[in-house]
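# Architecture and fold: a report
What follows is each chain in one-letter form.
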Amino acid sequence: MSPLVEVRDLCKHFPVGAGATVYAVEGVSLEVGRGETLAVVGESGCGKSTLAHTMIRLHDPTSGQVVLDGVDISTLGNRALREHRRKMQIIFQDPFASLDPRRPVGRAVAEPLLIHGLATGSEAEDLVADLFVKVGLEADMMRQYPHQFSGGQRQRVCIARALATNPQLVIADEAVSALDVSIQAQVINLMMGLQDELGLSYLFISHDLAVVERMSHRVAVMYLGQIVEIGPRRAIFENPQHSYTQRLLDAVPIADPRARRDRPLLTDEIPSPVWPAGTSPDRVVMREVVPGHLVAEEA
Amino acid sequence: MEPLLSVRGLTVTFGSFTAVEDVSFDIHAGQTLAVVGESGSGKSVTALSIMRLVELGTRGKIERGEILFRTPDGDMIDLVQQSEDAMRAIRGNQISMIFQEPLTSLNPVYSVGDQVAEAVILHQGLDKDAANERVLEMFRLVRIPEAEKRMAQFPHEMSGGMRQRVMIAMALSCDPKVLIADEPTTALDVTIQAQILGLMRDLREQTGAAVLIITHDMGVVAEVADDVVVMNRARVVERGSATQIFESAAEPYTKALLASVPRLGSMAGRDEPAPFDLVEYQS
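These lines cover the structure that appears in this document, whether it is placed above or below. All figures in this text were calculated on a predicted structure; none of them were measured in a lab.

Taken as a whole and assessed by the stated rule, the structure comprises one aromatic pair over all chains. Look at Tyr-223 of chain A and Tyr-244 of chain A: their rings are 4.5 Å apart centre to centre, the planes differ by 45 degrees, and that puts the pair in the tilted class. In this pair, Tyr-223 of chain A sits in strand β9 (residues 218-223) while Tyr-244 of chain A sits in helix α9 (residues 243-251), placing the two residues 21 residues apart along the sequence. A residue is classified by how much of its surface remains accessible, and Tyr-223 of chain A, at 23% relative accessible area, is partly exposed. Judged by its relative accessible area of 6%, Tyr-244 of chain A falls in the buried class. Against the face of Phe-276 of chain B rests Arg-214 of chain A, its NZ or CZ located 4.7 Å from the ring centre.

Right, dumping it as structure tokens:
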């Protein structure tokens, strides 16, 4: 069976004045299988969120293709795109900012059903009740307002809204990063349960490698707009090939005081992704370590 | 040895809400104590109480308890009883604090060098030239590359990691006896976090300051803490050395907290993702 999403040579550049350009996403190719979680990891500014937003056409790509379930959505017009938007949903980091403070949360969850013509008023209410139960909330809670919920509950509401249109792909953009650790673990368990139940594919954007190790099937490591390593989760965590992947893994604090390490004190920073007029970054060249595990050649 | 800072029976309220209840702990010179807990546990209010900032603006009230601080002269004073003027001489000078978000802690319209110099001029009475010398020395201590050039930069010209170094330089510029760090690496990328934690460890050895670190991140605790105080719902639920807490936590809340911590390497040898094995905790 073909993968759910195929991204081919995707680029997203932003002009920043004086002819300079941010190469936020540069030549990214990847696939997301059906029922699979692909995690995209990297530091602030590496382009992981821009990649996700471009994949679902919150940004129009500069070039390249995004094939969703056999259809290239990268060049579709708004009207044609709408029917495909139903298949892809996104959950953001801050659920409070994602919900209208003046409307009951049930209305937020019903809205995608109404917009996509998937249900009428009373049907929608029943469907919303079902969705609330599915994400571990009580159906009555749909009448409450965002401020009446805890952070974890609000993120459950956002997950319910993402699921309302019966999507195939759910993008989680740092969706658990702002939650307390006990709540984070519960929401991750919920997301994994929903994946099993509904066959969802996740594109899981995160800077937290320990969380990524828990819940992903495959992992892509991004650096300065490009993927420098991609492969099965075990290959990336147990046999990382790229020096940047190794550096990221080395920096993760270990929750065991006996494993405390003396690290060399580094002060280096990631270079800027802004390129002055007339210049552009070099494309990385990927080499296959074993089938499915690709790493960028290093100088 | 007598502690440098001793919090005894601290209770802090906001109106009818008790944010901190009967909290006690000691910190010794050269030691790092981590106060760990989730949102709303009272850990930040505890830190703000030590600085006596909890009463400013936020209408918090220290209801009961003592915060005993050993001054450089060797006297033990109760910070709760100090006047605002007396606290001004202590804050940023003998006890200093760094916060989670360095960008909101820095003034956008002054160069970072001038901002750190201001603290030194105010507390140490140095003139402008001597203060700039001191700033340069501090920027080098916290390993800001090209320190001299960086002093003239504005906060928006620096990365998050560099800004947090500036905050640490400012906090250490007056040789404080106690450094309070409230989620100092939470807003930073993991590679930068590793740099800042390493820096804080080094600086504690070099300066002999006591460090109180407030965090929700058990990984950070394991990296830097000698002793740990676990807070939940305004109270201390467990205390001990870092190894005790991680290896033989006794309280159900601590166990539940540790069970939900994602640990790198926990999935070694397993092909499929796996949910967290959560421990039920009812308070």
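Residue and element names in this part refer to chain A. End to end, helix α6 (residues 181-198) covers 25 Å across 18 residues, agreeing with the expected 26 Å (1.5 Å per residue, within 8%). Restricting attention to buried positions, one finds in α6 the residues Val-181, Ser-182, Gln-184, Ala-185, Val-187, Ile-188, Asn-189, Leu-190, Met-191, Met-192, Leu-194 and Gln-195. One or two positions beyond α6, positive phi appears at Gly-199, with a value near 65 degrees.

Turning our eyes to something else, we now look at the layout of surface pockets. Space left empty within the atom packing is revealed by a probe, the size of a water molecule, rolled over the atoms. Empty space within the second largest pocket amounts to approximately 680 Å³. As for the second largest pocket, its lining consists of 25 residues, and the residues nearest its centre are Ser-182, Ile-183 and Gln-186 of chain A together with Glu-38 and Arg-233 of chain B. Residue assignment for the lining of the second largest pocket shows that the elements contributing at least two residues are α5 (151-163) and α6 of chain A together with α11 (252-259) of chain B. No other element matches α5 of chain A, which puts four residues into the lining of the second largest pocket. Classifying every residue of the lining of the second largest pocket by side-chain character gives seven nonpolar, 13 polar and five charged.

All names here are of chain A. Taken as a whole, this structure holds 26 salt bridges over all chains when the rule is applied. Put simply, Arg-103 and Glu-111 hold a salt bridge, and the shortest N to O gap is 3.5 Å. According to the relative accessible area criterion, Arg-103 is partly exposed, its value standing at 23%. Accessibility expressed as a relative area gives 33% for Glu-111, which makes it partly exposed.

The next point concerns the side chain of Ser-41 of chain B. With respect to the helices, strands and loops of the structure, Ser-41 of chain B is situated in the loop between β3 (32-36) and α1 (43-50). Here Glu-38 of chain B takes part through its backbone oxygen, which lies 2.9 Å from a polar atom of the side chain of Ser-41 of chain B.

To continue, consider the interface of chain A and chain B. The accessible area lost on association of the parts is a frequent measure of interface size. Between chain A and chain B, the contact holds 45 residues from the first and 51 residues from the second. Summed over both sides, the interface of chain A with chain B buries roughly 4,300 Å², with 55% coming from carbon and sulfur. Our count for the contact surface shared by chain A and chain B stands at two salt bridges. Note that Arg-258 of chain A and Glu-247 of chain B form a salt bridge whose closest N and O atoms lie 2.5 Å from each other. Inspection of the chain A/chain B interface yields 19 residue pairs in polar contact (both at pLDDT 80 or more). Counting residues per element, the ones that place at least two in the side of chain A that touches chain B are α6, α7 (209-215), α8 (233-238) and α9 of chain A. Considering each element in turn, the side of chain A that touches chain B owes the most residues, nine residues, to α6 of chain A.

In this section: the packing of α9 of chain A against helix α8 (residues 190-207) of chain B. Between α9 of chain A and α8 of chain B, the shortest axis-to-axis distance is 8 Å and the interhelical angle comes to 50 degrees. In this view, α9 of chain A runs oblique relative to α8 of chain B, as classed from their interaxial angle. Crossing hand, α9 of chain A versus α8 of chain B: left-handed. Mapping the contact onto sequence places Arg-247, Leu-248 and Ala-251 of chain A in α9 of chain A and Val-190, Thr-191, Ala-194 and Gln-195 of chain B in α8 of chain B.

Residue and element names in this part refer to chain A. Pairing is mixed in the open sheet, where eight strands are placed in the order β6-β7-β8-β3-β9-β10-β13-β12. A strand with exactly one partner marks an edge of an open sheet, and here the two such strands are β6 (88-91) and β12 (286-290). The mean angle between the axes of side-by-side strands here comes to 20 degrees, regardless of whether they run parallel or antiparallel. Sheet topology note: the strand β3 (residues 37-41)/strand β8 (residues 201-206) ladder contains five bridges and is parallel. Bridge pairing links Val-40 to Ile-205 in β8.

Cut-offs used in this document
- Residues numbered from 1 in each chain as written.
- Chains lettered and ligands numbered in written order.
- Predicted model: local features only at pLDDT ≥ 70, side-chain atom pairs only at ≥ 80, totals over all residues.
- Heavy atoms only, no water.
- Phe/Tyr/Trp six-rings, centres within 6.5 Å; stacked < 30°, edge-to-face > 60°.
- Helix = DSSP H or I, 4+ residues; strand = E, 2+ residues; numbered from the N terminus.
- Buried < 20%, exposed > 50% of the residue type's maximum accessible area, 1.4 Å probe, protein only.
- Lys NZ or Arg CZ within 6 Å of the ring centre and 35° of its normal.
- Expected span 1.5 Å × (residues − 1).
- 1 Å grid on protein atoms, 1.4 Å probe; cavity = no way out; pocket = protein on both sides within 12 Å on 5 of 7 lines; lining within 4 Å.
- Points joined across faces, edges and corners; volume = space filled by probe spheres on them.
- Nonpolar A, V, L, I, M, F, W, Y, C, P; charged D, E, K, R; others polar.
- Salt bridge = Lys/Arg side-chain N within 4 Å of Asp/Glu carboxyl O.
- Polar contact = N/O pair within 3.5 Å; in protein donor to acceptor, adjacent residues only side chain to side chain.
- Contact = heavy atoms within 4.5 Å.
- Buried area = accessible area lost by both parts, 1.4 Å probe.
- Axes fitted to C-alpha atoms, helices over the stretch in contact; angles between N-to-C directions.
- Parallel < 35°, antiparallel > 145°, perpendicular 65-115°, else oblique.
- Left-handed = near helix turned anticlockwise from the far one by under 90°.
- Pairing = 2+ DSSP bridges.

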